[in-house]
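# A structural walkthrough
If you want the building blocks of each chain, they are given just below.
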Amino acid sequence: MFPKYSIRFCLFALISICSIYLQSCVISEVTTEFDSLINQPFPRSDFSISQTIDQKLEIVDQNIQTPIDMRPQLLDQQVQVQVVDMVVVDMQTIVDGWDVARLDTARNEPNFTEAEKALIFRMNQVRTNPSLFKTQFIEPMLNRYEGNVYVALNGDRYQTNEGPSAVRECINYLQTARAVDPLNPSQVLHQSAQAHARDSSMTGIVGHDSSNGTSFVDRLRSYLSANASFGENISYGLTDPLEIVMGFMVDDGVANRGHRDNIMRDVFRYAGSACDTHPTYRSLCVIDYANVPQ
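Report on the accompanying structure. The shown structure was predicted, so the numbers you read here are calculated from the model rather than taken from an experiment.

### Description of the packing of helix α5 (residues 130–138) against helix α9 (residues 241–250)
Two elements in contact, α5 and α9, have axes separated by 12 Å at closest approach and are oriented at 115 degrees. It follows that α5 is roughly perpendicular to α9 by the angle criterion. Considering the relative orientation of α5 and α9, their crossing is left-handed. Contacts from F133, F137 and I138 of α5 reach α9 at L242, V245, M246 and V250. When grouped by side-chain class, the residues that make up the contact of α5 with α9 number seven nonpolar, no polar and no charged.

Below is the structure:
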């Protein structure tokens, strides 16, 4: 027979080994999750909500979408892009039931590029008439899937997480979604978005915090009044404002559809958008939202 202390020692050793194994599983899972944010070329998003002392709602969200055939380039993280070619449609050609004059709120806004104005317009389309946006833009997306691979309007192919089921869920949402007022452009929010887009372009960072460690919350607070509620969406890899907004609305792979909520949130009445190049994902567009213009 083994002495009692030997049995206790063996049990303790067995428990220790099991504990180390379980901890290694958890660490491995977290590391895989982090790595997927940077390396895998399918849409990816992080979403968090925090309440401040005065109950302001602060929302952060991001979306990474990179064509399948860019996979080899992403692995070495050495892609350098000097010019971002954003797709812009002449607003005069957009009628089809849309009140362009009402929705193109940034049309005369100084400092906004045509692509940045178009982002505001496309978001106003879905905000003011969710059902028409569903019919004209979201439902046709179902015809551009090959399994779970989505073929964008420009021919780029994207490996998605949920496939057509996410589009169908968005269709159901838009069928009964309540229309809200259009977003108005804000020069202050444009400056905030532009600062982060430029920082991301120059340093290659991904996410909402600045390269110097400034948090998303502190960055937006430095531009807005103390009682402002604000949020942010970031899209990587897409160059068509319509595709960006459709992607936010479908929100593939994002369980709580955080991008969609930002766009459709009634409390947000102002927005600023900024697009730039990105050394890894070719392009990015930052959209900042708030309930006040400054």
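### A closer look at the nonpolar core
Counting 44 residues, the largest nonpolar core has F133, I138 and I263 as the members making the most contacts within it. Listed by contribution, the elements that provide at least two residues to this core are α3 (100–103), α4 (114–128), α5, α6 (164–176), α9, α10 (258–264), β9 (270–278) and β10 (282–290). The element that contributes the greatest number of residues to this core is α9, accounting for seven residues. Beyond its immediate chain neighbours, meaning those up to four positions away, I138 contacts F133, V167, C170, I171, L174, M246 and V250. In terms of nonpolar packing, the next biggest core, distinct from the first, is built from nine residues, L189, F216, A228 and F230 among them.

### Describing the packing of aromatic side chains
Centre distance and the angle of the planes are the two values used to describe a pair of aromatic rings. All chains considered together, the criterion is met by five aromatic pairs. Relative to Y289, the ring of F268 lies with its centre 5.7 Å away and its plane at 15 degrees, an arrangement referred to as stacked. Of this pair, F268 sits in the loop between α10 and β9 while Y289 sits in strand β10, and the two are 21 residues apart along the sequence. Residue Y289 is classed as buried on the basis of its relative accessible area of 0%. When the ring centre of Y173 is taken as reference, the NZ or CZ atom of R260 above it lies at 4.5 Å.

### Some points on unusual backbone geometry
Note on backbone geometry: most residues besides glycine have negative phi, and most peptide bonds are trans. The residue D251 is not glycine, and still its phi comes out positive at about 55 degrees. Tracing the backbone shows D251 in the loop between α9 and α10. Here R282, not a glycine, exhibits a phi torsion of approximately 75 degrees, which is positive. With respect to the helices, strands and loops of the structure, R282 is situated in strand β10. Overall, R282 belongs to the partly exposed group, its relative accessible area being 27%.

### So, the sheet that holds strand β6 (residues 157–159)
The three strands are arranged β4-β5-β6 in an open sheet whose pairing can be described as antiparallel. Unpaired on one side and paired on the other, β4 (145–146) and β6 mark the two borders of the sheet. Of the strand pairs in this sheet, strand β5 (residues 149–151) and β6 are connected by three bridges, and their pairing is antiparallel. Within the sheet, the bridge partner assigned to V149 lies in β6 and is Q159.

### Examining the pairing of strand β8 (residues 230–236)
Here β8 lies mainly inside the structure; seven of its seven residues are buried. Neither face of β8 is left uncovered, since the one carrying F230, E232, I234 and Y236 and the one carrying G231, N233 and S235 both have all their residues buried. Judged from the seven bridges that link them, β8 and β10 form a sheet pairing that is antiparallel. Residue pairing across strands places F230 opposite A290, the latter belonging to β10.

### Side note on α5
For α5, the set of buried residues is P130, L132, F133, K134, F137 and I138. Against α4, α6, α9 and α10 lie the buried residues of α5.

### Thoughts on the pattern of salt bridges
Scanning the model with the defined rule gives 13 salt bridges in all. Of the charged contacts in the structure, one is a salt bridge between D288 and R219, with a shortest N-O distance of 3.8 Å. Taken as a pair, D288 in strand β10 and R219 in helix α8 (residues 216–221) lie far apart in primary sequence, 69 residues in all. As far as the burial class goes, D288 and R219 line up, both buried.

Procedures and definitions
Residues numbered from 1 in each chain as written. Predicted model: local features only at pLDDT ≥ 70, side-chain atom pairs only at ≥ 80, totals over all residues. Heavy atoms only, no water. Axes fitted to C-alpha atoms, helices over the stretch in contact; angles between N-to-C directions. Helix = DSSP H or I, 4+ residues; strand = E, 2+ residues; numbered from the N terminus. Parallel < 35°, antiparallel > 145°, perpendicular 65-115°, else oblique. Left-handed = near helix turned anticlockwise from the far one by under 90°. Contact = heavy atoms within 4.5 Å. Nonpolar A, V, L, I, M, F, W, Y, C, P; charged D, E, K, R; others polar. Core = buried A, V, L, I, M, F, W, Y, C linked by side-chain atoms within 4.5 Å. Buried < 20%, exposed > 50% of the residue type's maximum accessible area, 1.4 Å probe, protein only. Phe/Tyr/Trp six-rings, centres within 6.5 Å; stacked < 30°, edge-to-face > 60°. Lys NZ or Arg CZ within 6 Å of the ring centre and 35° of its normal. Pairing = 2+ DSSP bridges. Salt bridge = Lys/Arg side-chain N within 4 Å of Asp/Glu carboxyl O.

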